[in-house]
Amino acid sequence: MRSPGPARRRILFVETFGGAVYDDRALGQAGPAIGGSETTLVRIACGLAATHHVDVVQYVRKEPRDGGDVRWHPWSALRQLARAADAIVVQRHDELAPRLRRFALRTPIFLWNHDSIDYAELPPPSFKADREALLHGLAGITRLCLSPFHAANQAEALRRQRRLPGPPSPRIRVIPNPVVVYPPDPRPPLDRDKLVYCSSPTDRLPMILAAFAAARAEMPSLRLHLASPRYDPIREEDLPADRDGIVLMGSLPQPELHRQLSDALCLFYPQWVVPEAFGLVFAEAHALGTPALAHDFGAAVDLLTPDERLDARDLGAVVARVRAWRDGARPQVSANPALTLEAVLGQWRELLG
């Protein structure tokens, strides 16, 4: 139910994701398994709808829909919606954000980034990057990042891509993802032999499997439960021939995923290649009372306790940490009040007006 009162500011979210169509129905018991950034967009859009007029235009949507007090539109509505908006938030698309200035001359435009950048994969410095930096500066684009690590990562990546030193420096604002969990009631007892991995397998899974194999060689009762987002599933062929102790769960709706996490010894995340921009799965595990075991980099530094971080390249250290936690040294963790949905929505309302 929308609140009465003066005219409500119109907020436009622009989703360029080319995968499945999603909307407010993605949340809850019957929701499909979508990625963390898509889930966050739904939560923020629906949460802001209590105080704002919220439209979401999606690249892959064919038909409009009203749901969650939000209007979900096909891509063909973008130009008209941009002209009417009081603020525009573009999901991930660096080139599109400044182009929208043609239709919204005075409207604040934000580029909402969700991924960290691997410096080793950056192209050589170029005048094209200088031109893009200038366009973003002239268009007044503000980049939204998810953590202090993420903001520093974005700024450094942009600097490395440029050939010319100096201004304009990128405008960057940090707003974390909200953390919403579905704790099972009653909470199940701790399963000391259960490890859970529930992220994309790309560039990560071999390290997770190698660490689990090392741990299970010394603790044969350990089990590794694997879940993954629907857009990047873990497949049978991704697993070793010897699958003893490995439980492939597929893509799970959030309530079921959180049930699996709630009784685990830990979120098992000893990979050292892809730093998390925010680490939503770390924060969700904490909100469920489950510690994470992760490499000491990326947003893990911002979110996790020192006891949860280590050099994941050292398999002996990983095995020792798992053994210590099984034997009673498992750290006590809890939800971060700054990451509740209402706290994060407060930051968005302050940003958007």
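Definitions and limits used
- Residues numbered from 1 in each chain as written.
- Predicted model: local features only at pLDDT ≥ 70, side-chain atom pairs only at ≥ 80, totals over all residues.
- Heavy atoms only, no water.
- Helix = DSSP H or I, 4+ residues; strand = E, 2+ residues; numbered from the N terminus.
- Rg over C-alpha atoms; globule rule 2.2 N^0.38 Å.
- Contact = heavy atoms within 4.5 Å.
- Areas by Shrake-Rupley, 256 points an atom, 1.4 Å probe, with all protein chains shown as cover.
- Lys, Arg positive; Asp, Glu negative; His and termini not counted.
- Charge placed at Lys NZ, Arg CZ, Asp CG, Glu CD.
- Pairing = 2+ DSSP bridges.
- Phe/Tyr/Trp six-rings, centres within 6.5 Å; stacked < 30°, edge-to-face > 60°.
- Buried < 20%, exposed > 50% of the residue type's maximum accessible area, 1.4 Å probe, protein only.
- Core = buried A, V, L, I, M, F, W, Y, C linked by side-chain atoms within 4.5 Å.
- Axes fitted to C-alpha atoms, helices over the stretch in contact; angles between N-to-C directions.
- 1 Å grid on protein atoms, 1.4 Å probe; cavity = no way out; pocket = protein on both sides within 12 Å on 5 of 7 lines; lining within 4 Å.
- Points joined across faces, edges and corners; volume = space filled by probe spheres on them.
- Nonpolar A, V, L, I, M, F, W, Y, C, P; charged D, E, K, R; others polar.
- Disulfide = S-S within 2.5 Å.

Is there a simple way to explain the overall build of the protein in this structure?
When helices and strands are counted, the protein shows 11 helices and 14 strands. On C-alpha atoms alone, the protein measures out to a radius of gyration of 21 Å, which is about the 20 Å that the 2.2 N^0.38 rule sets for 353 residues. In the protein, 70% of the contacts between residues at least 6 apart in sequence involve partners at least 24 apart. Summed over all atoms, the accessible surface of the protein reaches about 16,100 Å², with 54% contributed by carbon and sulfur. On the protein, the mean spot of the 43 positive side-chain charges and the mean spot of the 41 negative ones are 8 Å from each other.

Help me understand the pairing of strand S13 (residues 292-295), please; the structure alone is not making it clear to me.
A regular strand places its side chains so that they alternate between the two faces of the sheet. Here three bridges tie strand S12 (residues 264-269) to S13, and the two strands are oriented parallel to one another. Bridging across to S13, tyrosine 269 finds its partner in alanine 294. Relative to strand S14 (residues 309-310), S13 runs parallel, the two being bridged by two bridges. From the neighbouring strand, histidine 295 faces S14, where its bridge partner is leucine 310.

Explain the packing of aromatic side chains to me, please; I cannot follow it from the model alone.
By convention here, two paired aromatic rings are described through the distance between centres and the angle between planes. Taken as a whole and assessed by the stated rule, the structure comprises six aromatic pairs. Taking 6.2 Å as the distance between ring centres and 50° as the angle between the ring planes, the aromatic pair formed by phenylalanine 13 and tryptophan 112 counts as tilted. Residue phenylalanine 13 is found in strand S1 (residues 10-15), and its partner tryptophan 112 is found in strand S6 (residues 109-112); the two are separated by 99 residues along the sequence. Overall, the relative accessible area of 0% leaves phenylalanine 13 in the buried class. Here tryptophan 112 falls in the buried class, since its relative accessible area comes to 2%. Seen in terms of ring centroids, phenylalanine 13 and tryptophan 348 are 5.9 Å apart; in terms of plane orientation they differ by 55°. Their pairing is tilted.

I'm lost on the nonpolar core in this one. Help?
One broad rule of soluble globular proteins: the nonpolar side chains tend to lie buried together. Ranked by internal contacts, the top residues of the largest apolar core, which has 76 residues, are Phe13, Phe268, Phe282 and Trp348. The contacts of phenylalanine 13, once residues within four sequence positions are left out, are Leu41, Ile44, Ala45, Leu48, Val54, Asp55, Val56, Val57, Val89, Trp112 and Trp348.

I would appreciate a short explanation of the sheet that holds strand S11 (residues 246-250) in the present structure.
In a beta sheet, neighbouring strands pair by backbone hydrogen bonds and run either parallel or antiparallel. On the basis of which strands lie adjacent, the open sheet formed by six strands has the order S11-S10-S9-S12-S13-S14 and parallel pairing. Because the sheet does not close on itself, it has two edges, and the strands there are S11 and S14. Sheet analysis places strand S10 (residues 223-227) next to S11, joined by four bridges and oriented parallel. Directly across from alanine 227, in S11, lies its bridge partner glycine 250. In the packing of helix H10 (residues 315-329) onto the sheet, the strands contacted are strand S9 (191-197), S12, S13 and S14, and the crossing angle to S12 comes to about 165°.

Is there a simple way to explain empty space enclosed by the protein in this structure?
Unfilled space is identified by rolling a water-sized probe across the atoms. If you walk through the whole model with that rule in mind, you get one cavity of 30 Å³ or more. When its volume is computed, the largest cavity comes out at roughly 30 Å³. For the lining of the largest cavity, the secondary-structure elements that each account for two or more residues are helix H1 (36-48) and helix H8 (280-287). The biggest single contributor to the lining of the largest cavity is H1, with three residues. Here the lining of the largest cavity is built from residues that sort into four nonpolar, three polar and two charged.

What is the right way to look at the state of the cysteines in this model?
Disulfide: a covalent bond connecting the sulfur atoms of a pair of cysteines. Per the stated rule, a full pass over the model turns up zero disulfides. Free cysteine: cysteine 198, not disulfide-bonded; nearest cysteine sulfur from cysteine 266 at 11 Å. Residue classification places cysteine 198 among the buried positions, given a relative accessible area of 10%. Residue class for cysteine 266 comes out buried when judged on its relative accessible area of 0%.

What is shown is where atoms sit, not what they do.
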